[in-house]
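Summary of the model geometry
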Amino acid sequence: MTREAEIDAMLLQHRVQSFLFHEADLLDRWQLNEWEALFADEASYLVPPTDVDGDFADPSKSLFYIFDDRTRIHERVVRLEKKGAHSEFPRSKTRHLVSNVRALARNGAIEATASFAVWRSKDGNTDIFVGHYAYQLLEIDGVLRIAEKKCVLDMDALRPHARISILL
């Protein structure tokens, strides 16, 4: 790898890492409209089931916990912002920790992966969701946008959590 290519790779790594940290901060501060704005027009937000290999899970063959296209991402944000969203009113307190970020430019897009641990506290209970993210990012007018975000849970099941009412 040439020195210039190494510098480009380091800059890409820093840029993607900063983007993912920003996304986590928006979610923790419950700035869901700003979070939604991080997505490209044709985007998806996925949480595969825990009983299959989430990296290779196919939504046409498995029932995903979450399989949102861009319209459903918007509807999810609108619903979570309403007082009528009983599972999240009052809102949970969350903390998204993102680590082990890797980024690779490939075929006009950026493939990124990261490990995550998300703590959710509500009603005297604290749940921890652990796993890894797989992103497809696009650069649109010089700004990174999420084309796909897949949240692969490294858990045997959702118990004792029972549901995913927050955004991972």
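Just so it is clear, the structure is predicted and the values come from calculations on it, not from any experiment. The residue numbering used here restarts from 1 in each chain and proceeds along that chain's sequence as written. Given that this is a predicted model, residues contribute local features only at a pLDDT of at least 70 and side-chain atom pairs are listed and counted only at 80 or more, while totals for whole chains, interfaces and linings are drawn from all residues. Hydrogens are left out, water is left out, and the side-chain values use all remaining heavy atoms of the structure.

Helical segments are the DSSP runs of H or I of at least four residues, strand segments are the runs of E of at least two, and each set is numbered from the N terminus. When you go through the chain residue by residue, the secondary structure sums to three helices and six strands. Helices (α) and strands (β) of the chain occur, in sequence order from the N terminus, as α-α-β-β-α-β-β-β-β. Atoms counted for the radius of gyration: C-alpha only. Globule rule: 2.2 Å times the number of residues to the power 0.38. A compact globule built from 168 residues should have a C-alpha radius of gyration of about 15 Å, and the chain, at 16 Å, falls within 12% of that. Seen through its principal axes, the chain has C-alpha atoms that stretch 55 × 30 × 30 Å. Classification of residues uses two cut-offs on accessible area relative to the type maximum, computed with a 1.4 Å probe and protein chains only: under 20% is buried, over 50% is exposed, and between them is partly exposed. Counting over 168 residues, the chain shows a buried share of 44%. Should any heavy atoms of two residues lie within 4.5 Å, those residues are considered in contact. For the chain, the share of sequence-separated contacts (at least 6 apart) that also reach a separation of at least 24 residues comes to 60%.

Here, a salt bridge means any side-chain nitrogen of Lys or Arg that lies within 4 Å of a carboxyl oxygen of Asp or Glu. Under the criterion given, the structure shown has 10 salt bridges. Across the pair R106 and E111 runs a salt bridge whose closest N-O atoms are separated by 3.9 Å. The exposure class assigned to E111 is partly exposed, which follows from its relative accessible area of 29%. Measuring nitrogen to oxygen at the nearest pair gives 2.5 Å for the salt bridge that ties D127 to R120.

Nonpolar cores were defined as sets of buried Ala, Val, Leu, Ile, Met, Phe, Trp, Tyr and Cys residues, with membership established by side-chain atoms within 4.5 Å. The biggest cluster of nonpolar side chains holds 40 residues, and the ones touching the most others in it are V16, W35, Y45, F129, L153 and L168. Only α1 (3–28), α2 (32–36), β1 (39–47), α3 (70–81), β3 (93–106), β4 (109–122), β5 (125–140) and β6 (143–153) provide two or more residues apiece to this core. The element contributing the most residues to this core is α1, with seven residues. With residues up to four places along the chain from it excluded, the contact list for L168 reads L27, Y45, V47, H96, V118, F129, Y133, K149, C151 and L153.

Before going further, it helps to spend a moment on the environment of T50. With respect to the helices and strands, the residue T50 is situated in the loop between β1 and β2 (66–69). The sequence separation of T50 and Y65 amounts to 15 residues, and the corresponding C-alpha distance is 8.9 Å. Apart from the residues lying within four places of it in its own chain, the contact partners of T50 are Y65, L153, M155, D156 and A157. Any pair of nitrogen or oxygen atoms within 3.5 Å is treated as a polar contact; in protein, a donor-acceptor pairing is required on top of that, and neighbouring residues in sequence qualify only through side-chain atoms on both sides. Within the structure, T50 has its side chain in polar contact with the side chain of Y65 (distance 3.2 Å). Polar contacts involving the side chain of T50 include one to the main-chain carbonyl oxygen of D156, which spans 3.2 Å.

A pair of Phe, Tyr and Trp rings is counted when the ring centres sit within 6.5 Å of each other, with Trp represented by its six-membered ring. The angle between the planes then sorts it: under 30 degrees is stacked, over 60 is edge-to-face, the rest tilted. Counted according to the given criterion, the structure contains five aromatic pairs. Between W35 and F39 the ring centres are 4.8 Å apart and the planes differ by 75°, which places this aromatic pair in the edge-to-face class. Grouping residues by exposure puts W35 and F39 together as buried. With a centroid separation of 5.8 Å and an interplanar angle of 85°, the aromatic rings of W35 and Y45 are classed as edge-to-face. Placement of W35 in helix α2 and of Y45 in strand β1 is noted, with a sequence separation of 10 residues between them.

It is worth spelling out the side chain of K149 at this point. In this fold, K149 is placed in strand β6. Residue class for K149 comes out buried when judged on its relative accessible area of 0%. A polar contact is formed between the side chain of K149 and the side chain of E23, at a distance of 2.7 Å. Contact partners of K149, with chain neighbours within four places excluded, come to E23, L27, W35, F39, S44, Y45, L46, Y133, A134, Y135 and L168.

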